[in-house]
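Observations on chain architecture
Listed below are the residues making up each chain.
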Amino acid sequence: MSHATLSGKRPGGLRGATLPKWFPWAVAVGATAAGLGISAAAGLQSSIQWALIAAVLFIVGSYAVSARVEGRRQAKDRTATSMVWVAFLLAVIPLASLVWETVQRGVKVLDTYFLTRSMGVVADSEPGGGIYHALLGTLEQVGLATLMAVPVGVLTAIYLVEYGRGNLARAVTFFVDVMTGIPSIVAGLFVLSLWIVILKMGYSGFAGSLALAILMIPVIVRSTEEMLKLVPNELREASLALGVPKWRTILKVVVPTAIGGITTGVMLAIARITGETAPVLLLVWGTNFINANPFSDPQASLPMYIYLQYSNSGGEGPGYDRAWAAALTLILFIMILNLVARGIARWKAPKSGR
Amino acid sequence: MDITTQNPTAPPAPQPGRTEDGRAARGTTRPGDRIFLGLSRGSGILVLVIMAAIAVFLTYRAVLAIGKDEANFFTTFEWNPSGVPPQFGIAVLAFGTVVSSIIAMAIAVPIAVGIALFLTHYAPRRLSGPIAYVIDLLAAVPSIVYGLWGALVLVPQLDGLYGWLDDYLGWTGVFAWNGGAPRSLFTVGILLALMILPIITNVSREVFRQVPQMHEEAALALGATRWEVIRMAVLPFARSGVISASMLGLGRALGETMAVAMVLSSSFDIQATLLDPGGGTFAQNIASKFNEASEMGRDALIASGLVLFVITLLVNGAARLIIARRKEYSGANA
């Protein structure tokens, strides 16, 4: 890249004048300093304000300088670059804040005591108590949902990839796509109207896992489908040529080849539904006591626990600490699932000749 | 795992001696094959049945509820299904849902497109992988945690911004602020924007990746700057993809429940200003009213859920149709 050396004006060269490579960084530092300075001078408290001031100064500043030195086209290019960087930072700052606040406030009460006690005899306003009952409930509900959704999802994907032709397959593909967009609360309302209102079953962990399974199926179908499509056709043909029945070819050749990707997809789906609150709120109802039986009576669940602790504490006191600690537990759980899933994907990636 | 293959395997080219569903043409189907085909086709049909059942059962309960409603379901500004006579309507909810989603889109779409461009065209190679991963993490954070963060961290930070908006744009009426806690539709919009960023970013990124390299190189060869390349070669090619990505994001924003329920301080009225607390959305209303709802109240909530279902179905269906027209990419694994 030669233009790094071509900084400053150079009469007689073929290139126009270019600003040095460190220029954007200098403007960024200057804009941040100015943003902080203005905020301090004007007595602004909120970090959003100084960040916005700095962002605007950065874009305007780099445009102004570049327009003078490099000309308008280059200046526009720099503005676009600045805006793209600002867009990126705008997205990263909240995420960093979210992770930071959750960790910092969550570690206060997160310990083994917290993980192994329930809220049974602890009032919302008192310190102590824990998330054991919620953890148990979440694991059971998510486990049941996985048991229901995985066979349906994987078989549907197999149908679409290995057999599917014609209108039925097209309809299934379309509705799987549409199903990914169903709001979780609507899935919850559906199970509510069928299972609880019409069939007169009570609130239970199982009712919640029915709704969670509905949310899980399309995610599993999509990811499994993509993985099965990556299996090289030669493997299928070789197996079929040996006279192996199609169903055994699928079970013994195609699925094992793609199993890494399928596992990843399933784990990502689990990670996604673990944090679902709305259906659980409608169907599982929540309790402060340990209920190990998901098939009868209300259970607790982790996201639900966060919601209850938050809404009962009004943003202060021990309930508030517990909500953050539970949120940290939930995020950790989901992040670990995510990381493991990605690890498996990398480790067991199908060795196709792409 | 960006799958952009042209369907490399699946339904293979017509194999001699096999019919469509892979049966041997001789007519002697192996029982194993028949059972397995039945199972997998059954699962596919089950998906359709579930979708149909959702529509049917929601409609059934909703019709019961709307039949007892003494007020106009679509225009009433009230939610009192257990009253005598029961009166409830979705006007406020429809307004709040649409307005908060529009705010979310207005904030999220430019930023998401910016990030997608950043990842595909601006970021150093070494950075773009980890950043894409960070964006995925953003998608993995559960909405309840966004809600907690929004209510306890974001809301207190917004006073200053609201003050500004009131000072400089208050005259429009839309941005007038009377100093209440900033738990308003606008705050909800900001939070929703954050939550739908990842899906819009991921789908847009896929689209930007598919811009033919030749177009970009041709533009560069003509002396275009990077921005001119993007404006002349990338954006025109990617427009429909970005639109459908935005619609997928819109679908998410419309149905978001817990974060809205935790941040919004709701009330059953429509105000001209976005910054004062009040209003409500379909999903938020269901989550907040459900605990105290009578049987009639539950059915009324189901009726409002049906409206939400239909809206999201239309938005998602439209987005999918636009995507389906260009088979190469799909946002479902985003």
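What you are looking at is a predicted structure, and each value in this text was computed from that prediction instead of being measured. (Residues numbered from 1 in each chain as written. Chains lettered and ligands numbered in written order. Predicted model: local features only at pLDDT ≥ 70, side-chain atom pairs only at ≥ 80, totals over all residues.)

Description of the overall build of chain B
Per the secondary structure count, chain B includes 10 helices and 2 strands. Sequence-ordered secondary structure for chain B, helices as α and strands as β, is α-β-β-α-α-α-α-α-α-α-α-α. The proportion of buried residues among the 334 residues of chain B is 48%. Taking all contacts inside chain B whose residues are at least 6 apart in sequence as the whole, residues at least 24 apart take part in 72%. (Helix = DSSP H or I, 4+ residues; strand = E, 2+ residues; numbered from the N terminus. Buried ≥ 20, exposed ≤ 12 C-beta atoms within 10 Å, placed from the backbone. Contact = placed C-beta atoms within 7 Å.)

Section: the overall build of chain A
Assigned secondary structure in chain A consists of 13 helices and 0 strands. Reading chain A from its N end, one meets helices and strands in the order α-α-α-α-α-α-α-α-α-α-α-α-α. Against the compact-globule benchmark of 20 Å for 354 residues, chain A has a radius of gyration of 28 Å, which places it well outside the compact range. Reported as C-alpha extents along the three principal axes, the dimensions of chain A are approximately 80 × 70 × 35 Å. Of all intrachain contacts in chain A linking residues separated by at least 6 positions in sequence, the fraction that spans at least 24 positions is 70%. (Rg over C-alpha atoms; globule rule 2.2 N^0.38 Å.)

Considerations on the confidence of the model for chain B
Residues and elements named next belong to chain B. Here chain B averages 83 in pLDDT, while 88% of its residues score no lower than 70. Below a pLDDT of 50 lies the segment residues 1–19, which in the model reaches 26 contacts outside its immediate sequence neighbourhood of four places, other chains included. Within the model, pLDDT remains below 50 along residues 329–334, and this stretch shows 20 contacts once partners closer than five positions in the same chain are excluded. (pLDDT = per-residue confidence, 0-100.)

Some details on the interface of chain B and chain A
On the side of chain A, 89 residues touch chain B, which itself brings 84 residues to the contact. The element best represented in the side of chain B that touches chain A is helix H1 (residues 31–68) of chain B, accounting for 19 residues.

Quick notes on the nonpolar core
Generally speaking, soluble globular proteins have nonpolar side chains that are buried together. The biggest cluster of nonpolar side chains holds 210 residues, and the ones touching the most others in it are A:Met216, A:Ile306 and B:Ala108. Take this core: its biggest share by element is 17 residues, from helix H2 (residues 91–122) of chain B. (Core = buried A, V, L, I, M, F, W, Y, C linked by C-beta atoms within 7 Å.)

Quick notes on the environment of A:Leu160
One can find A:Leu160 in helix H5 (residues 132–163). With 28 C-beta atoms counted inside 10 Å, the residue A:Leu160 sits in the buried group. C-alpha of A:Leu160 to C-alpha of A:Trp100: the two residues are 60 residues apart in sequence and 43 Å apart in space. In this structure A:Leu160 touches A:Ala169, A:Val172, A:Thr173, A:Glu225 and B:Gly44, once residues within four positions along its chain are discounted.

Notes on unusual backbone geometry
Residue and element names in this part refer to chain A. The backbone of Trp-285 sits at a positive phi, close to 80°, despite the residue not being glycine. By the element assignment, Trp-285 lies in the loop between helix H11 (278–283) and helix H12 (302–313). The residue Asp-297 is not glycine, and still its phi comes out positive at about 70°. With respect to the element layout, Asp-297 can be found in the loop between H11 and H12. For Asp-297, a count of 15 C-beta atoms within 10 Å corresponds to the partly exposed category.

Thoughts on the UniProt feature "domain: ABC transmembrane type-1" (unreviewed entry) in chain B
Under the UniProt annotation, the feature "domain: ABC transmembrane type-1" (unreviewed entry) is placed at residues 94–319 of chain B. With 77% helix and 0% strand, residues 94–319 of chain B has end C-alpha atoms that lie 21 Å from one another. (UniProt positions renumbered as here; feature names shortened; annotations may be inferred.)

Remarks on the UniProt feature "transmembrane region" (unreviewed entry) in chain B
All names here are of chain B. The UniProt feature table records "transmembrane region" (unreviewed entry) at residues 44–67, 87–119, 131–155, 175–200 and 300–323. Helix makes up 100% of residues 44–67 and strand 0%, whereas the separation of the span's terminal C-alpha atoms amounts to 35 Å. When the span residues 131–155 is considered, its composition is 92% helix and 0% strand, and the gap between its end C-alpha atoms is 27 Å.

Describing the domain arrangement of chain A
One widely used convention gives an interface's size as the accessible area the parts lose upon coming together. According to the domain assignment, chain A consists of domain 1 (2–105) and domain 2 (132–347). Just the C-alpha atoms count here: the centres of domain 1 of chain A and domain 2 of chain A sit 43 Å apart. (Domains from an automatic or database assignment.)

Concerning the packing of helix H6 (residues 166–180) of chain A against helix H8 (residues 205–230) of chain A
Residue and element names in this part refer to chain A. One can describe the packing of H6 onto H8 by two numbers: an axis separation of 8 Å at closest approach and a directional angle of 125°. Classified by the angle between their axes, H6 and H8 sit oblique to one another. Viewed along their axes, H6 and H8 form a crossing whose handedness is left-handed. Residues Val-176, Met-179 and Thr-180 of H6 form the contact with H8, whose own contacting residues are Ile-217, Pro-218, Val-219, Val-221 and Arg-222. Per-class residue counts for the contact of H6 with H8 are 6 nonpolar, 1 polar and 1 charged. (Axes fitted to C-alpha atoms, helices over the stretch in contact; angles between N-to-C directions. Parallel < 35°, antiparallel > 145°, perpendicular 65-115°, else oblique. Left-handed = near helix turned anticlockwise from the far one by under 90°. Nonpolar A, V, L, I, M, F, W, Y, C, P; charged D, E, K, R; others polar.)

A look at the domain arrangement of chain B
Residue and element names in this part refer to chain B. Each assigned domain of chain B is listed here: domain 1 (31–68) and domain 2 (92–325). The straight-line distance from the C-alpha centre of domain 1 to that of domain 2 is 31 Å. Taken together, the contacts link 9 residues of domain 1 with 8 residues of domain 2. Residues of the side of domain 1 that touches domain 2, tallied by class, amount to 6 nonpolar, 1 polar and 2 charged.

What to know about the packing of helix H3 (residues 125–140) of chain B against helix H5 (residues 185–209) of chain B
Residue and element names in this part refer to chain B. In the contact formed by H3 and H5, the axes pass within 8 Å of each other and the chain directions differ by 140°. Taken together, H3 and H5 sit at an angle that is classed as oblique. Crossing angle aside, the handedness with which H3 passes H5 is left-handed. Here H3 contributes Ile-135, Asp-136, Leu-138 and Ala-139 to the contact with H5, which in turn contributes Leu-197, Pro-198, Ile-199, Thr-201 and Asn-202. Residues of the contact of H3 with H5, tallied by class, amount to 6 nonpolar, 2 polar and 1 charged.

Points about the UniProt feature "transmembrane region" (unreviewed entry) in chain A
Residue and element names in this part refer to chain A. In the UniProt entry, the feature "transmembrane region" (unreviewed entry) is given for residues 22–42, 48–67, 79–100, 142–161, 173–197, 203–221, 253–273 and 323–345. Counted over residues 79–100, helix gives 100% and strand 0%. Its end C-alpha atoms are 31 Å apart. Structurally, residues 323–345 is divided into 100% helix and 0% strand, and its ends, taken at the C-alpha atoms, are 33 Å apart.

Regarding the environment of A:Tyr310
Residue and element names in this part refer to chain A. Tracing the chain through its elements places Tyr-310 in helix H12. On the basis of neighbour count, Tyr-310 is assigned to the buried category, with 24 C-beta atoms found within 10 Å. Along the sequence, Tyr-310 and Gly-275 sit 35 residues apart, while their C-alpha atoms lie 16 Å from each other.

Quick notes on the confidence of the model for chain A
Looking at chain A, the pLDDT average stands at 85 and 92% of residues meet or exceed 70. Counted against residues more than four places away or in other chains, residues 1–10 of chain A, with its pLDDT under 50, gives 11 contacts.

Considerations on helix H10 (residues 246–274) of chain A
The end-to-end C-alpha distance of H10(A), which contains 29 residues, comes to just 36 Å, noticeably less than the 42 Å that a straight helix rising 1.5 Å per residue would cover. In H10(A), a bend of some 60° at A:Ile259 exceeds every other bend along the element. (Expected span 1.5 Å × (residues − 1). Bend = angle between axes of the 7 residues up to and from the residue.)

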